[in-house]
Amino acid sequence: MESMVDLILHKREGGAFTRAQIDTWVRGAAQGTVPDYQLAALLMAICLRGMTAEETRDLTLSMAESGRMADLSGVGGVCVDKHSTGGVGDTTTLILAPLVAACGVPVAKMSGRGLGHTGGTLDKLESIPGLRVDLSEEAFLRQVRDIGVAVIGQTKNLAPADKTLYALRDVTATVRSIPLIASSVMSKKLACGADAIVLDVKAGSGAFMRTPEQARALAESMVDIGAQLGRRVAAIITDMDQPLGQAVGNALEVREAVELLSGRLPEDDPLLAVCLLLGEQMLLMAGLAADAAVARSMLLDALKSGAGLEKLRRMVALLGGRSEYLSVERMDELCAVREKIDVPAEADGFVCAMQAERIGTAAQLLGAGRAKKDDAIDPAVGLVMHVRRGAAVRRGDALCTLYVNDGSRAQEAAALVRSAVRIAPERPAPVPMVYGVVQRAGA
């Protein structure tokens, strides 16, 4: 059997792995028999040298099979999953999963934690007192059967190799690799057992894929993996040059989700617009809507009736969370901090561009994200943006408000936000929110 040093050298020199070679190091990651430093070296070699389509498919399947594969056949209907490749202010799962479930489509989702400047759904959920995301597989399946929706973290038995590699990628500068992102996402989707998968692939300064072309390549890779492994997959490529929602931070993003599900945000709100677009695809793939217009109408009905918010409350309660906090008034208690600091505009004009990554990093500096995999997160801190691209501003207007408990890095965070928001004399041309839809490789 080849040693880990041999495998690292093989990939460093540009070699392609066989399925047997991939199984060797994936098994070591799952069982803890390969040290972190060797896995980190291998991840860097993959990041630099890449993987073929066949390697990426084999890595996906190997990681999915490194633990148990959930069986959702007893749930009934077409079970749909959704995944975002990560962004800033991306609260879609907390809105979309309960809305789609309220329309009658079972949603079974395994989510992750924050990676770098991007937020993680699990971290957001855990800002609710008492909530735990470490459900057993049996409890996960029971919750999908009982209320039609479950969002959990990776258990020890579901894709354990990916859990190890996911944490290492965050702290070894190996996140931006299409094969590693595609295999990580799709291995979790396969392990969770969903029949159909809708992917939100981000493109822009706040995403791991900087350009629409890079995002398209990632989308095609994941859709192709799904097709090879017998899953229905669609990917929507969306803009991430500015935060999707206004809130960036864990409890702050939960509060925004509650505001949206309470009907307090307009239908043209960018966060709601993306949720509706993804939801349309989920309902269409599940066969519950004849066309996109019918699907959108169903989603809006679930929003306006409060059925989506009620689903979120039931899901939180079954996860042990105190669902009474899921009102706009009570959510303010979870967002309470020692100090709120406005970051003022330094000139008159129009917001012509944003660097979403810097805004996400500013929230991370305040304690909303991790620099190291064992860093603790402060659930209350972060920031709320008050402007979007194209907005008119005057000197002194607040660009955002920082929510601060530890002020030691507040000025650094404020400076990052100021550098991220570019103001010009002329209003910028509109930028599309959606760049395209990929339903099979090359579409």
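Structure's up top.
This structure is a prediction, so every number in the text was calculated from the model and none was measured.

This paragraph deals with the overall build of the chain. When its secondary structure is counted, the chain shows 17 helices and 13 strands. Radius of gyration (C-alpha) of the chain: 21 Å, near the 22 Å computed for a compact globule of 443 residues. The C-alpha extent of the chain, read off along each of the three principal axes, is 65 × 45 × 40 Å. Burial status across the chain gives 57% buried among its 443 residues. For the chain, restricting intrachain contacts to residue pairs at least 6 apart in sequence, the fraction spanning at least 24 positions comes to 79%. Total accessible area on the chain stands at roughly 16,900 Å², and carbon and sulfur atoms take up 49% of it. Distance between charge centroids for the chain: 1 Å, based on 49 positive and 53 negative side chains.

It is worth spelling out the pattern of salt bridges at this point. All told, the structure shown has 23 salt bridges when counted by the stated rule. Taking the shortest distance from any N to any O, the salt bridge between Asp239 and Arg389 comes out at 3.3 Å. A residue pair is termed long-range when its members are at least 10 positions apart, and Asp239 in strand S5 (residues 232–239) and Arg389 in the loop between strand S9 (382–385) and strand S10 (392–393) qualify at 150 residues.

Across the interface, helix H5 (residues 92–102) lies against helix H12 (residues 270–285) with an axial gap of 10 Å and an inter-helix angle of 40°. It follows that H5 is oblique to H12 by the angle criterion. When you trace H5 past H12, the crossing you get is right-handed. Contact residues: H5 offers Thr92, Ile95, Leu96 and Val100, while H12 offers Leu271, Val274, Cys275, Leu278, Gly279, Met282 and Leu283.

Within the secondary structure layout, Asp162 lies in helix H8 (residues 160–170). What Asp162 contacts, discounting residues up to four positions off in sequence, is Met63, Gln154, Ser184, Ser187 and Lys188.

Below, the discussion takes up the sheet that holds strand S11 (residues 398–404). Taken in spatial order, the 4 strands line up as S6-S9-S11-S7 in an open sheet, and their pairing is antiparallel. The two strands at the open ends of the sheet, each matched to only one other strand, are strand S6 (247–248) and strand S7 (339–344). Direction of pairing for S9 relative to S11: antiparallel, over a ladder of 4 bridges. The residue bridging Met385 from the neighbouring strand is Cys400, located in S11. Its contacts with the sheet place helix H17 (residues 410–420) against S7, S9 and S11, and it is angled at close to 155° to S11.

Further remarks concern the environment of Val431. Residue position: Val431 is located in the loop between strand S12 (421–424) and strand S13 (434–438). Expressed as a C-alpha distance, the spacing of Val431 and Asp239, which sit 192 residues apart in the sequence, is 8.4 Å. Non-local contacts of Val431, meaning those with residues more than four positions away in its chain, are made with Asp239 and Arg389.

Attention shifts here to the packing of H5 against helix H11 (residues 250–261). Two elements in contact, H5 and H11, have axes whose closest approach is 9 Å; the angle formed by their N-to-C orientations is 40°. If you check the angle between H5 and H11, you find them oblique. Contacts between H5 and H11 involve Leu94, Ile95, Pro98 and Leu99 from the first element and Val254, Ala257, Leu260 and Leu261 from the second. When the residues that make up the contact of H5 with H11 are grouped by side-chain class, the tally is 8 nonpolar, no polar and no charged.

Counted under the stated rule, the structure contains 0 disulfides. Distance from the sulfur of Cys79, which forms no disulfide, to the nearest cysteine sulfur (Cys192) is 8.9 Å. Here Cys400 is not cross-linked by a disulfide; its sulfur's nearest cysteine counterpart is in Cys335, at 15 Å. Residue Cys400 is classed as buried on the basis of its relative accessible area, which comes to 0%.

What follows concerns unusual backbone geometry. Backbone geometry at Ala159 places phi at a positive 45°, although glycine is not the residue there. Note that Ala159 resides in the loop between strand S3 (149–152) and H8. The backbone of Ala173 sits at a positive phi, close to 55°, despite the residue not being glycine. Turning to its location among the elements, Ala173 is positioned in the loop between H8 and helix H9 (178–192).

Once that is clear, we can look at the sheet that holds strand S8 (residues 349–354). Taken in spatial order, the 3 strands make up an open sheet running S10-S8-S12, and their pairing is antiparallel. Whereas interior strands pair on both sides, the edge strands pair on one side only; in this sheet they are S10 and S12. Relative to S10, S8 is paired through 2 bridges, and the arrangement is antiparallel. Bridged to Gly349 within S10 is Val393. Lying on the sheet, H17 is in contact with S8 and S12; it crosses S12 at an angle near 45°.

Counting across every chain of the model gives 3 cavities of 30 Å³ or more. A volume near 360 Å³ is recorded for the largest cavity. Taken together, 28 residues make up the lining of the largest cavity; nearest its centre are His83, Ser84, Thr85, Gly86 and Tyr166. Broken down by secondary-structure element, the contributors of at least two residues to the lining of the largest cavity are strand S1 (80–84), H5, helix H6 (121–125), H8 and H9. Looking at which element gives the most residues to the lining of the largest cavity, the answer is H9, with 4 residues. Class assignment for the residues of the lining of the largest cavity results in 6 nonpolar, 15 polar and 7 charged.

Here is what the cut-offs are and how they apply
Sequence order sets the numbering: in each chain, residues are counted from 1 along the sequence as written. Where totals are concerned, whole chains, interfaces and linings use all residues; where local detail is concerned, this predicted model gives features only for residues with pLDDT of at least 70, and gives and counts side-chain atom pairs only at 80 or more. To obtain the side-chain values, all non-hydrogen atoms of the structure were used and water was disregarded. Every helix listed is a DSSP run of H or I at least four residues long, and every strand listed is a run of E at least two residues long, numbered separately from the N terminus. Based on C-alpha atoms, the radius of gyration is set beside the globule rule, defined as 2.2 Å times the residue count to the power 0.38. Only protein chains enter the accessibility calculation, which uses a 1.4 Å probe; a residue is then buried when its area is under 20% of its type maximum, exposed when over 50%, and partly exposed in between. Contacts are assigned to residue pairs that have any heavy atoms within 4.5 Å of one another. Values of accessible area rely on a 1.4 Å probe in the Shrake-Rupley scheme; residue burial ignores everything except the protein chains shown. Under this rule, positive means Lys or Arg and negative means Asp or Glu; His and the chain ends count for nothing. Just so you know, the charge point we use is NZ for Lys, CZ for Arg, CG for Asp and CD for Glu. Each reported salt bridge corresponds to a side-chain nitrogen of Lys or Arg within 4 Å of a carboxyl oxygen of Asp or Glu. Note on geometry: axes are C-alpha line fits, over the in-contact stretch for helices, and angles between N-to-C directions span 0 to 180 degrees. Roughly parallel covers angles under 35 degrees, roughly antiparallel covers those over 145, roughly perpendicular covers 65 to 115, and oblique covers all other angles. Crossing handedness is read from the near helix: turned anticlockwise from the far helix by less than a right angle, it gives a left-handed crossing, and turned clockwise, a right-handed one. Each pair of strands is called paired provided DSSP finds at least two bridges between the two strands. Residues are grouped as follows: Ala, Val, Leu, Ile, Met, Phe, Trp, Tyr, Cys and Pro are nonpolar; Asp, Glu, Lys and Arg are charged; all remaining types, including Gly, are polar. Cysteine sulfur pairs qualify as disulfides if the two atoms are within 2.5 Å. Only protein atoms enter the 1 Å grid used here, on which a cavity is any set of points holding a 1.4 Å probe that cannot leave and a pocket is any open set flanked by protein within 12 Å on both sides along at least five of seven lines; residues with an atom within 4 Å of a point are listed as lining. Grid points are joined across faces, edges and corners, and a volume is the space filled by probe spheres set on the points.

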